[in-house]
Structure formats: C-alpha cells, structure tokens
Amino acid sequence: MHVLLVNGPNLNLLGQREPGIYGCDTLATIEAELTVEAQADGIKLACFQSNFEGALVERIHQAMGVSQGILINAGAYTHTSIAIRDALTGVAIPFVELHLSNTYAREPFRHRSYLSDQAVGIVSGFGSKNYSLALQGLTHYLRRNG
C-alpha cells in the first residue's frame, strides 16, 4: 500500500512557529516517525511539503495510479483553496484531513474547511500525534473498503 502525505504552507516552520499552538516537533521529525510507523505496517509513505498552492495541486495529481490514500494537512489552504479541493476530488483517492490544532477552538475563519466534506475522516487537536492517528484511520479505512 502506498500513502502520500501532503503538508501545506508554513508547516516547514514547525518547531519554530507558535509552539504554543503547533508544538515543538519539526516537520522532519514528524515525517521520520510517521515513515517508521508506516513501514512497520507495510505501507510505503511519500512525504511532500510546499508553500505554493500549485505545487500541492500538482503533487496530488501525481498520486493518481500510485497512492491508495492521501493524508493532508493543507494548513491555511484548508480554508481558502478550491483548487486543492478539486485536485483531491479529481484524483478520487480517499484522503484524511488533519490539523495540529483544534481549528474549531481558534479564529472563526478557521472553522470553514473546503476539504472536510470530501474527506473520509478528519483528525485535529492532538498536535503531532494527529499524523499517526490519521495514518491509522486511513489505513483502517483502506483495508476495510479496499
């Protein structure tokens, strides 16, 4: 099984950016730990991060015919990007939306997601643990719904 992890804008700053909200783990640490977890479960994990919407859309397109599932933390694009939504629905690959923080406990503009109604699941509010929870949920979903 192949899973793509997509991280959006500013997630490259994890560990430095607002640690009270996003925690102290770096994206490299999160990706390394998740890769080990995935491998232990027989999953090949590909990781991608970009601050550019078009690059995220292109990487999602490239997952067609390769990935059986997508984990996505679209960052601020969650609340603004119809292009990323269209890419995800266009490739028709099951995906889990994830966030480090509980977006519903934050500013009202973060309460709206352009992705959640198409996601097979959403994980938020538990910091970097959400990556593992999202992988577990997606893997469970894919194995049940093949």
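Not measured: the values here are computed from a predicted model.

Basis of the calculations
Residues numbered from 1 in each chain as written. Predicted model: local features only at pLDDT ≥ 70, side-chain atom pairs only at ≥ 80, totals over all residues. Heavy atoms only, no water. Axes fitted to C-alpha atoms, helices over the stretch in contact; angles between N-to-C directions. Helix = DSSP H or I, 4+ residues; strand = E, 2+ residues; numbered from the N terminus. Parallel < 35°, antiparallel > 145°, perpendicular 65-115°, else oblique. Left-handed = near helix turned anticlockwise from the far one by under 90°. Contact = heavy atoms within 4.5 Å. Buried < 20%, exposed > 50% of the residue type's maximum accessible area, 1.4 Å probe, protein only. Pairing = 2+ DSSP bridges. Phe/Tyr/Trp six-rings, centres within 6.5 Å; stacked < 30°, edge-to-face > 60°. Lys NZ or Arg CZ within 6 Å of the ring centre and 35° of its normal. Expected span 1.5 Å × (residues − 1).

J.: Just to check I follow, could you spell out the packing of helix α2 (residues 27-40) against helix α5 (residues 129-145) for this structure?
T.: Packed helices, taken two at a time, are described by the angle between their axes plus the distance between the axes. One can describe the packing of α2 onto α5 by two numbers: an axis separation of 10 Å at closest approach and a directional angle of 30°. Comparing their axes, α5 and α2 come out roughly parallel. The way α2 lies across α5 gives a crossing that is right-handed. Contacts between α2 and α5 involve L27, I30, L34, E37 and A38 on the former and, on the latter, Y131, S132, L135 and Q136.

J.: What should I look at first to understand the pairing of strand β1 (residues 2-7) in this one?
T.: On a regular strand, each side chain points to the face opposite its neighbour's, so the side chains alternate between the two faces of the sheet. Of all six residues making up β1, six are buried, and the element is well covered by its neighbours. Along β1, one buried face is formed by H2, L4 and V6 and the opposite face, lined by V3, L5 and N7, is buried too. Relative to strand β2 (residues 44-49), β1 is paired through six bridges, and the arrangement is parallel. Its bridge partner being in β2, L4 is matched across the sheet by A46. Sheet topology places β1 next to strand β3 (residues 69-73); five bridges connect them, and they run parallel. The residue of β3 that forms the bridge with N7 is N73.

J.: Quick question: what am I supposed to make of the environment of P9 here?
T.: Tracing the chain through its elements places P9 in the loop between β1 and α1 (19-22). Along the primary structure P9 and E53 are separated by 44 residues, whereas in three dimensions their C-alpha atoms are 8.2 Å apart. Look past the residues within four positions of P9 in its chain and what remains in contact with it is Q49, S50, N51, L56, A74, A76 and Y77.

J.: Would you explain the packing of aromatic side chains in this entry?
T.: For any pair of aromatic rings, the description rests on two quantities: the centre-to-centre distance and the angle between the ring planes. Taken as a whole and judged by the stated rule, the model has zero aromatic pairs. Looking at R112, its charged tip hangs above the ring of Y114, at a distance of 4.4 Å from the centre.

J.: Explanation requested: α5 in the structure shown.
T.: An α-helical segment advances 3.6 residues per turn. Residues three or four places apart therefore align on the same side. Counted at 1.5 Å a residue, the expected span for α5 with its 17 residues is 24 Å, and the 24 Å between its end C-alpha atoms agrees. Restricting attention to buried positions, one finds in α5 the residues N130, Y131, S132, A134, L135, L138, T139 and L142. The elements touched by buried residues of α5 are β1, α2, β3, β4 (95-99) and β5 (121-124). Taken from the residues just after α5, G146 is the one with a positive phi, measuring 25°.

Without other data, these values stay purely geometric and don't point to any function.
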